[in-house]
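# Topology and contacts: notes
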Amino acid sequence: MVLGTSKYLHGGGINAYFKYRIDAAFFLFRHRKIRYIIVSGDNREKNYNEPKMMKKELIKKGIPSRFIYEDFYGINTLHSIIRVYKIFHQKKFTIISQRFHNERAIFIGNCLGLDVIGFNAKSLTFDGKTQFREIFARIKVLWDIIFEIRKYKIGIFSKF
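The structure presented is a predicted model; accordingly, all values stated were derived computationally and were not measured.

## Topic: the nonpolar core
- Ranked by size, the top nonpolar core spans 19 residues in total, and within it V2, I37, V39, L58, I63 and I96 carry the most contacts.
- Of all the secondary structure elements, the ones that give two or more residues to this core are α1 (16–30), β2 (37–40) and α2 (50–60).
- Considering each element in turn, this core owes the most residues, eight residues, to α1.
- With residues up to four places along the chain from it excluded, the contact list for I96 reads M1, V2, L3, R21, A24, A25, L28, I34, N102 and F119.
- Ranked by size, the runner-up nonpolar core spans 15 residues in total, among them I38, I82, A105 and V116.

## Here's the deal with helix α4 (residues 99–111)
- An ideal rise of 1.5 Å per residue puts 18 Å on 13 residues; α4 measures up with 18 Å between its terminal C-alpha atoms.
- Residues of α4 that are buried include every one of F100, H101, N102, R104, A105, I108, G109 and C111, and no others.
- Within two residues after α4, G113 carries a phi angle of roughly 80°, on the positive side.

## Section: the packing of aromatic side chains
- According to the stated counting rule, one finds six aromatic pairs in the structure shown.
- The interplanar angle of 55° and the centroid separation of 6.0 Å between the aromatic rings of Y36 and Y69 together place this pair among those described as tilted. Within this pair, whereas Y36 is found in the loop between α1 and β2, its partner Y69 is found in strand β3 (residues 68–71), the two being separated by 33 residues in sequence.
- Using a relative accessible area of 38% as the deciding quantity, one classes Y69 as partly exposed.
- On the numbers, 6.3 Å between centres and 65° between planes, the contact of Y69 with F88 is edge-to-face. In this pair, Y69 is assigned in strand β3 and F88 in the loop between α3 (77–86) and β4 (92–97), connecting sequence segments 19 residues apart.
- Between K61 and the ring centre of F26, over which it is positioned, the NZ or CZ distance is 5.3 Å.

## Topic: the side chain of E50
- Take E50: it is sitting in helix α2.
- Buried E50, no salt bridge; nearest opposite-charge side chain is R21, N-O distance 7.0 Å.
- At 2.8 Å, the side chain of E50 forms a polar contact with the backbone nitrogen of D42.
- Residues contacting E50, with those up to four places away along its chain left out, are G4, T5, S6, G41 and D42.

So, how was this worked out
- Residues numbered from 1 in each chain as written.
- Predicted model: local features only at pLDDT ≥ 70, side-chain atom pairs only at ≥ 80, totals over all residues.
- Heavy atoms only, no water.
- Core = buried A, V, L, I, M, F, W, Y, C linked by side-chain atoms within 4.5 Å.
- Buried < 20%, exposed > 50% of the residue type's maximum accessible area, 1.4 Å probe, protein only.
- Helix = DSSP H or I, 4+ residues; strand = E, 2+ residues; numbered from the N terminus.
- Contact = heavy atoms within 4.5 Å.
- Expected span 1.5 Å × (residues − 1).
- Phe/Tyr/Trp six-rings, centres within 6.5 Å; stacked < 30°, edge-to-face > 60°.
- Lys NZ or Arg CZ within 6 Å of the ring centre and 35° of its normal.
- Lys, Arg positive; Asp, Glu negative; His and termini not counted.
- Salt bridge = Lys/Arg side-chain N within 4 Å of Asp/Glu carboxyl O.
- Polar contact = N/O pair within 3.5 Å; in protein donor to acceptor, adjacent residues only side chain to side chain.

Here is the structure:
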């Protein structure tokens, strides 16, 4: 599963996080480390569709579309991981993103009782804005673990 991000930066230009995640997914597919790819991301606005953009880029690189599945409701990391399990029926899968994002995603997957590993796409310099955002994302994931995951009755919360 490739976790979504915008293809373009707010000021224009290609988002390196997007490019490196696509490159990583292509690398794994080309080397037969993964058989299928789920591109999961935000699709809330008419002109903003992360899964569609990721699939388009993977096809441009030579991956046949029949190996790429789109998850249009992966509005955040938690939902992306839950949907791979609930919708695509996968308990064991690879998460493709940058290291800081994979650490959080793997934590979520482990709490859900899933067998997940991360493949770290090339990263960028961890700037102050990204560090600040990640601090709050990690706090939020603890909230999600306590209050959100329980309602799915999987993983550590399967008996509650």
